[in-house]
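# Close look at the chain arrangement
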Amino acid sequence: MKTSARKNITLLILAFCFTFVFLAPNLWMFLGAFKNQNAMFALPPIWIPDFTYIKNFTIMLSESYRYLLNSIIVTIGSTIISLVFSLPTAFGLTFFKFKGSNFLADWILSTRMLPPVAAAIPLFMLFKYMNLLDSLFALIIVYTAFNIPFAVWVSASFFKRIPYDLIEASRIEGASWLQIFLKIAIPLSKGGIATVAIFVFIFSWNELLIALFFTVSESRTFPIFISAQVSQAQIIWGNVAAATVIQSIPPILLTIFLQKNIVSGLTLGAVKN
Amino acid sequence: MNKEKIEKLLFIVPTCLFLLTISIFPFLYSVYLSLFQAKLTKMHKKFFIGWENYQYILFEDDIFPTAIKNTFMIAFSSITIEIILGFIMAKIFFEIRHLKISNVLRTVTIMPIMLTPLCVGLVFLYILNPTLGIFSYILETFFGIEPFAYLGKPIPAKISIIAINSWQWTPFMMILLLAGLMTVPNEQYEAAKIDGANWYHVMTKIEIPSILSFVLLGVVLRLIECIRLFDIIYVTTRGGPGIATEVMAYFTYRTEFRSFQVGTGSASAVIILIISLIITTIAVMLLRRVEKNEDFS
Amino acid sequence: MLKKIILVCSLSLLPINSLLAVDWGKELGDHSGVDLKVQSIMDPYIDAVKEISPQFESATGASVTVEGFGYDGLHEKQIVACSQNDGSYDVLFIDGIWIGEFVEADCIEPVEDIWTAEGTDKSVIAWDDYIDSFAGQAIWDGKKMCLPFGGYWHMLHYRKDLFEAEGLAVPETFDDVMAAAKLFKDNPKYPELEGGYAMNMARGSAAGQQYYEWIYSAGAQPWESNYPGSPDAYADQRGLYNSPESVAFIEWMQEMVNYMPPGVEQYAWDERAKAFTQGKVAMINNWSVRTPLFNDPEISKVMGKFDVALFPHAEGAQSVPPVGGWIACVNKHSKNRQAAWDYLKWFASPEIHREWVLMGAPPSRHSAMNDPQINAEQPWTPVLYESSLRAWQELRPRHALTFELIETLGIEVNKALTGESTAQEAMDTANKKIDRLLKSEGYID
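Rules and cut-offs
- Residues numbered from 1 in each chain as written.
- Chains lettered and ligands numbered in written order.
- Predicted model: local features only at pLDDT ≥ 70, side-chain atom pairs only at ≥ 80, totals over all residues.
- Heavy atoms only, no water.
- Contact = heavy atoms within 4.5 Å.
- Buried area = accessible area lost by both parts, 1.4 Å probe.
- Salt bridge = Lys/Arg side-chain N within 4 Å of Asp/Glu carboxyl O.
- Polar contact = N/O pair within 3.5 Å; in protein donor to acceptor, adjacent residues only side chain to side chain.
- Helix = DSSP H or I, 4+ residues; strand = E, 2+ residues; numbered from the N terminus.
- Nonpolar A, V, L, I, M, F, W, Y, C, P; charged D, E, K, R; others polar.
- Patch = residues over 30% accessible without salt bridge, like charges linked within 9 Å, V, L, I, M, F, W, Y side chains within 5 Å.
- Areas by Shrake-Rupley, 256 points an atom, 1.4 Å probe, with all protein chains shown as cover.
- Lys, Arg positive; Asp, Glu negative; His and termini not counted.
- Charge placed at Lys NZ, Arg CZ, Asp CG, Glu CD.
- Axes fitted to C-alpha atoms, helices over the stretch in contact; angles between N-to-C directions.
- Parallel < 35°, antiparallel > 145°, perpendicular 65-115°, else oblique.
- Left-handed = near helix turned anticlockwise from the far one by under 90°.
- Disulfide = S-S within 2.5 Å.
- Buried < 20%, exposed > 50% of the residue type's maximum accessible area, 1.4 Å probe, protein only.
- Phe/Tyr/Trp six-rings, centres within 6.5 Å; stacked < 30°, edge-to-face > 60°.
- pLDDT = per-residue confidence, 0-100.
- Expected span 1.5 Å × (residues − 1).
- Arc of directions from axis to C-beta.
- Pairing = 2+ DSSP bridges.

### Observations concerning the interface of chain C and chain A
Contacts between the two partners involve 34 residues from chain C and, on the opposite side, 32 residues from chain A. For the pairing of chain C and chain A, the buried interface totals around 2,900 Å² over both sides, and the portion due to carbon and sulfur atoms is 52%. A per-residue breakdown of the area chain C buries against chain A is headed by M42, Q84 and E298 of chain C, which together make up 21% of the total. Here chain C is connected to chain A by 3 salt bridges. We note a salt bridge from K55 of chain A to E298 of chain C, for which the minimum N-O separation is 3.3 Å. On the surface where chain C and chain A come into contact, there are 11 residue pairs in polar contact (both at pLDDT 80 or more). Breaking the side of chain C that touches chain A down by element, the ones donating at least two residues are β1 (35-41), β2 (63-69), α5 (71-83) and α14 (269-277) of chain C. A per-element tally of the side of chain C that touches chain A places α5 of chain C first, with 6 residues. Of the residues that constitute the side of chain C that touches chain A, the class distribution is 13 nonpolar, 9 polar and 12 charged.

Have a look at this one:
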């Protein structure tokens, strides 16, 4: 009994140490958001900042609230549209028994392989040609396209867990595929859908390079604002710190509330939790 | 063509069309461009040179081959650290999983995975300033080590990038291995206890074999991501010092967007694509195997 | 030189008003309903641009949006957009050294063409009032392409309190600089100092630009036909990067590393400036645009403790202060070219320029540099002015290959400074690679 308690305490302390290592860097930047630049680089370091100093936030938000709004719109928009496209496709790949379904699935996943760095210029040309530049809509479309492979793959792995007899029974009763999809597959895979939604959301929220090229003034997103703080004359650290805090809020919230889904998502659905 | 067939097509075809336009077109265009000497500022003057771009960046110039080497070196180092550290942490969290607080700790630990890579880079740029950063302060005050150029000298720069990369992704490996540990049936632990096995035996004979497929999965998934490593390098070392931390994606970026040599840049992108495809094919096979294992466990 | 002195004297004698009063109502058109977009760098002066633009809005009915980007982001976005004939931004602020590339990509409508066709009043444009060394960067192929509104020059910034304490004279030569740096490095009297000097050493444009900043003052030149006062800097571009003088200069920098803060190898512009403002080094050379920030109490610990001086030079050579900055261009593909031009000629006119400078922006005109109020509020202006008169406009290459060239050079210079190569090896490699690059585009035969 005693050794077990001692072991637990040692392990707990170790766990705390590890957790601290993964928390500290961000924590340090978050604390910096409450300091002016002099204080951010003061030595010895100012461990506890004056939390009433919110000038960084007010300045940063007044400059960037439009971009924040754009990010929110684009992220939610691409999440919804990604689901609208991917879920039916994943359903079809899983339950329509046809030759080449595996091949199609692999092909879909492979479209994710081109580094976004290389896709930026061709896509810009395409969208310019279609006159779709500088609209949040264009950004939503591109993000959706980048998200679909992952979304299809993970959704399919969740759909696979639905017992086929259930599907078969409904088919015999004369239900259409659409009815089966809406009435059976989706309700049974709520967890999987949440997982897909989280990762599509995070990808769109974090994306920078494509947004830089596809947006003019109206549709600039928040990561662009952050990267604009770094120039050759200076890095506006106050804005960087405050913006990092804001940028990290959705990821942090999602991690806290939807932890379980993150595990399955990270492994492309192969691992249930 | 009955109604059912149309219905089925509607489930799948729109997505494929979408992907064809948005994902395939850039790929095809990149392959096409890679065969030309082309500069974005004068595209009408581009001319066909066949394989010359590939020949130049792979065999004549020393930068891209170094970039490939660097990418894999960083990938393997990071992944090794992540596996070892991840396993240790997974074991610890596994042993204390009955304690409520371990959930909280675990949640906090996985946050780095979800953060914007750009922000991660900026955070470490802030921390690793040699004279003004907090890392130097800690080194000097607690360990008596003089600060040096963590991001400015070749070996420290490589180590820094590996460290930042591992920092962001070790929690991923930990979660994966933790899930793996949880699949080990309790009976095996009971049997081991009865046989009087010590922790070393338990670890090597029971735990590691069971989680091997998870480790493999983790390695492959991480490898795919490491090949596209970009944001951290972009913010901190910019490929330097010299070309110590130049990685493939960064090479493509600066060739296409700084020098605007889109022909050469596309060639490097195609090479990255081919490498990714090979690794993904392996990944897919492994993923399917892990799934099957899961179904039978 | 004489011409300059006469011009300067005559300008400073005339009361500003009579020379520069413009009837903007007549000069500017009615642009109601036009949504003018300005694409700018996120340098400190952008706030002043946003502050002054409403005056244009009320004069013309247009609405002006100013968007700031980081350096790389701005360059990438502008060229990619231009390559697709995109006119989303009407006014483009570009770095003076990008001009060759932008002309090659056909992004700009030359302001000279516009004002000739329009018959604009010369006093509104006042080209001769621009400082030569920077105005020259807005000219390409003999034509004035853009308006040189935001010029920067390097000045030596030093801690006058520390220099006075040690009884040191203001450094003028490379030897002075090294001696002072040596004195302050690891000096027990000043424990908070980490080094005597700080420079841009990071690989790529940081180290590459640094080379160009110093090389002329070192008494050397980067390529055959480029020297201060050369009639055609691009006539013969064969590289001299590995000339004995050039290598000697790199070796001088290598020795200077010993007197700089630990970790200086990763310094780029922000780290260099911060080392100074946080009181860690005694001297830096820096772009003048950042000098006002050194007096900002939220950012700087050295307010009131520093002074500026002319860029140092090697023994027997002249000081050739580096010049850089931003020029304003009309986007050829813009749908509001008339409004864009009206904005530019208004914004860069002597009267408005002066107002803008008083909001904390960099002066680029003789009239602004000599203005009494500006001198009072920005006390470094006399040194800045002298620096601007001695600068050489072709400091860095301005042709279409400038980015690749500076990056290539910067990789090798960085290798020499971190000790990975010797100075000779690094510069030999740099010269070879640069020559190959220039040959591939026919710049050299």
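### Re a negative patch on the surface
Taken together, the side chains of E172, D175, D176 and E315 of chain C present a region of like negative charge at the surface. With respect to the helices and strands, D176 of chain C occurs in helix α11 (residues 174-184).

### Focus on the packing of helix α6 (residues 136-159) of chain A against helix α1 (residues 3-33) of chain B
Direction vectors running N to C along α6 of chain A and α1 of chain B enclose 115°, while the axes themselves pass 10 Å from each other. With respect to α1 of chain B, the element α6 of chain A is oriented roughly perpendicular. As α6 of chain A packs across α1 of chain B, the resulting crossing turns out to be left-handed. Here I141, T144, A145, I148 and P149 of chain A of α6 of chain A come into contact with α1 of chain B, specifically with T15, F18, L19, I22 and S23 of chain B. Of the residues that constitute the contact of α6 of chain A with α1 of chain B, the class distribution is 7 nonpolar, 3 polar and no charged.

### Regarding the interface of chain B and chain A
Taken together, the 90 residues of chain B in the interface contact 98 residues of chain A. Interface of chain B and chain A: buried area, both sides summed, is about 8,600 Å²; carbon and sulfur atoms make up 78% of it. Inspection of the chain B/chain A interface yields 2 salt bridges. E4 of chain B is the partner of R171 of chain A in a salt bridge, and the nearest nitrogen-oxygen pair spans 3.1 Å. Where chain B touches chain A, the interface holds 15 residue pairs in polar contact (both at pLDDT 80 or more). No other element matches the 20 residues that α1 of chain B contributes to the side of chain B that touches chain A. Classifying every residue of the side of chain B that touches chain A by side-chain character gives 64 nonpolar, 14 polar and 12 charged.

### Some words on the state of the cysteines
Residue and element names in this part refer to chain C. Tallied over the full model, the rule gives 2 disulfides over all chains. Residue C82 pairs covalently with C107 via a disulfide, S to S 2.0 Å. Linking C82 and C107, the disulfide has an S-S dihedral of approximately -100° and is accordingly described as left-handed. Separated by 25 residues along the polypeptide, C82 in helix α5 and C107 in the loop between α6 (99-104) and β4 (108-109) bring together distant segments of the chain. What makes C82 buried here is its relative accessible area of 4%.

### Quick word on a nonpolar patch on the surface
A surface patch of nonpolar side chains, about 590 Å² in accessible area, is lined by L69, I72, I73, I76, I80, I81 and V84 of chain A. Inspection of the secondary structure puts I76 of chain A in helix α3 (residues 55-95).

### Topic: the pattern of salt bridges
Side-chain pairs of opposite charge can arise whenever the charged atoms involved come near each other. All names here are of chain C. Enumeration according to the criterion identifies 40 salt bridges over all chains in this entry. Residue R337 pairs with E109 through a salt bridge whose shortest N-O separation is 2.2 Å. Linking R337 in helix α15 (residues 337-347) with E109 in strand β4, this pair joins segments that are 228 residues apart in sequence. Overall, the relative accessible area of 36% leaves R337 in the partly exposed class. K274 is paired through a salt bridge with D270; the nearest N and O atoms lie 2.7 Å apart. Separated by 4 residues within a single helix, K274 and D270 lie in helix α14, roughly one turn from each other. Taken as a pair, K274 and D270 share a single burial class, namely buried.

### Description of the packing of aromatic side chains
Aromatic ring pairs are described here by two measures, namely the spacing of the ring centres and the angle between the planes. Residues and elements named next belong to chain C. If you walk through the whole model with that rule in mind, you get 88 aromatic pairs over all chains. Ring geometry for F56 against W346: centres 5.4 Å apart, planes inclined by 45°, an arrangement best described as tilted. Of the two residues, F56 is situated in helix α4 (residues 46-60) and W346 in helix α15; the sequence distance between them amounts to 290 residues. Since its relative accessible area comes to 2%, W346 is described here as buried.

### Description of the confidence of the model for chain A
Of all residues in chain A, 93% attain a pLDDT of 70 or more, and the chain-wide mean is 85. Summarising per-element confidence for chain A, the mean pLDDT is lowest in helix α13 (residues 259-266) of chain A (67) and highest in α3 of chain A (91).

### A look at helix α21 (residues 423-440) of chain C
Residues and elements named next belong to chain C. Between its first and last C-alpha, α21 extends 26 Å over 18 residues, near the 26 Å set by a 1.5 Å rise per residue. A423, A426, M427, A430, N431, I434, D435, L437 and L438 are the residues of α21 that are buried. The arc that holds the buried residues of α21, viewed along the axis, is 160°, so those residues lie on one side. Turned more than 90 degrees away from the buried face of α21 sit K432 and S440, all of them exposed. Its buried side turned inward, α21 meets α12 (205-215), α13 (244-256) and α20 (402-418). Immediately beyond the C-terminal end of α21, within one or two residues, lies G442, with a positive phi of roughly 80°.

### Section: helix α12 (residues 248-257) of chain B
Burial within α12 of chain B is extensive, with 10 of its 10 residues counted as buried. Where α12 of chain B is concerned, the buried positions are M248, A249, Y250, F251, T252, Y253, R254, T255, E256 and F257 of chain B.

### What to know about the pairing of strand β11 (residues 323-331) of chain C
All names here are of chain C. Burial of β11 is extensive: 9 of the 9 residues sit out of reach of the surface. As paired elements, strand β3 (residues 91-95) and β11 share 5 bridges and run antiparallel to each other. Looking at the pairing, L92 lines up with C329 of β11. Judged from the 2 bridges that link them, β4 and β11 form a sheet pairing that is antiparallel. Directly across from E109, in β11, lies its bridge partner V330. One ladder, built from 5 bridges, connects strand β7 (residues 147-159) with β11; its direction is antiparallel. Note that in β11 the partner of G150 across the bridge is W326.

### As for the environment of V240 of chain A
One can find V240 of chain A in helix α12 (residues 237-257). Residue V240 of chain A is classed as buried on the basis of its relative accessible area, which comes to 0%. As for V240 of chain A and N56 of chain A, which are separated by 184 residues in sequence, their C-alpha atoms are 8.8 Å apart. Setting aside its immediate chain neighbours within four residues, V240 of chain A contacts M29, Q229 and I235 of chain A together with L122 of chain B.

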